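# An overview of the molecular structure
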Amino acid sequence: GESVGLHLPTLSVQEGDNSIINCAYSNSASDYFIWYKQESGKGPQFIIDIRSNMDKRQGQRVTVLLNKTVKHLSLQIAATQPGDSAVYFCAESREGSARQLTFGSGTQLTVLP
Amino acid sequence: DTAVSQTPKYLVTQMGNDKSIKCEQNLGHDTMYWYKQDSKKFLKIMFSYNNKELIINETVPNRFSPKSPDKAHLNLHINSLELGDSAVYFCASSQDHGGSYNSPLHFGNGTRLTVT
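Residues numbered from 1 in each chain as written. Chains lettered and ligands numbered in written order. Predicted model: local features only at pLDDT ≥ 70, side-chain atom pairs only at ≥ 80, totals over all residues. Heavy atoms only, no water.

The next subject is the pattern of salt bridges. Taken as a whole, this structure holds seven salt bridges over all chains when the rule is applied. Across the salt bridge formed by Lys68 of chain A and Asp55 of chain A, the nearest N and O atoms sit 3.4 Å from each other. With Lys68 of chain A in the loop between β7 (62-67) and β8 (72-77) and Asp55 of chain A in the loop between β5 (45-51) and β6 (56-58), the pair connects residues that are 13 residues apart, well separated along the chain. By relative accessible area, Lys68 of chain A is classed as partly exposed at 37%. Through salt bridges that share partners, Arg63, Glu82 and Asp85 of chain B make up one connected network. (Salt bridge = Lys/Arg side-chain N within 4 Å of Asp/Glu carboxyl O. Helix = DSSP H or I, 4+ residues; strand = E, 2+ residues; numbered from the N terminus. Buried < 20%, exposed > 50% of the residue type's maximum accessible area, 1.4 Å probe, protein only.)

In structure tokens:
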């Protein structure tokens, strides 16, 4: 069925290193993608988004890459900090169905001192 | 100045009881949602309201009934609670539909429901 999934459920990185969180989607009609960050005890927070007419988008210390050919997107976090420790979700939407957002299963990022 | 606030934060109750979770947003958004997050952190939409009108009603038991008295509030009432209802429930809002460009979802901090 249609799904948005992540390759790794957990990821540990050293403080200061770069982090890469991956996400695969299955519906070629998906045209909008968002990354959310969820800290412990809080709701998900918007990080960055990308439309399907782009391959790359950069924010502050974060970059999202989209490869439509293989239906894959990634979130890169530069110089990972302890405050980056959280669960990261990718989500996708497409035309129709009230533009409903479908979330992936999440990756737990742990930043090691 | 919390944007999306939901109460209570924790709710512990016994099977068979009826409970409500309240949600309010002060962002002036037109669309509000309820999401359920299970123990594996999977987020699934339950309901979506736009200007007090039900837009999305996923396959959830009819024991769950959302109520939107105005576009700033979306409450969730649950009848005859079951063990499987234990989860974290998130309220969210967005200006347009949450999957629309430049209309990100703003989430509350969740209500952890435990049914014993």
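Before going further, it helps to examine empty space enclosed by the protein. One pass over the structure, following the stated rule, counts one cavity of 30 Å³ or more. Size it by volume and the largest cavity reaches roughly 30 Å³. In this structure, the largest cavity is lined by 11 residues; those nearest its centre are Arg99, Gln100 and Leu101 of chain A together with Tyr33 and Gly98 of chain B. Each residue belonging to the lining of the largest cavity can be placed in one class, and the counts come to six nonpolar, four polar and one charged. (1 Å grid on protein atoms, 1.4 Å probe; cavity = no way out; pocket = protein on both sides within 12 Å on 5 of 7 lines; lining within 4 Å. Points joined across faces, edges and corners; volume = space filled by probe spheres on them. Nonpolar A, V, L, I, M, F, W, Y, C, P; charged D, E, K, R; others polar.)

Attention shifts here to the sheet that holds strand β3 (residues 19-25) of chain B. All names here are of chain B. Within the open sheet, the four strands sit side by side as β1-β3-β8-β7. Their pairing is antiparallel. Bordering the open sheet on either side are β1 (4-7) and β7 (64-70), each of which pairs with just one other strand. Strand-to-strand twist in this sheet, taken as the mean axis angle between neighbours without regard to direction, amounts to 20°. (Pairing = 2+ DSSP bridges. Axes fitted to C-alpha atoms, helices over the stretch in contact; angles between N-to-C directions.)

Mapped onto the secondary structure, Ile55 of chain B falls in strand β6 (residues 53-57). Overall, Ile55 of chain B belongs to the partly exposed group, its relative accessible area being 34%.

For the rest of this paragraph, the subject is the interface of chain B and chain A. Tallying the contact residues gives 23 residues for chain B and 23 residues for chain A. Together, the buried faces of chain B and chain A total about 1,800 Å²; carbon and sulfur atoms form 60% of this surface. For the chain B face of the interface with chain A, the top three residues by lost area are Leu43, Gly99 and Tyr101 of chain B, together amounting to 30%. Linking chain B with chain A are four residue pairs in polar contact (both at pLDDT 80 or more). If you list the elements that add at least two residues to the side of chain B that touches chain A, you get β4 (31-37), β5 (43-50) and β6 of chain B. (Contact = heavy atoms within 4.5 Å. Buried area = accessible area lost by both parts, 1.4 Å probe. Polar contact = N/O pair within 3.5 Å; in protein donor to acceptor, adjacent residues only side chain to side chain.)

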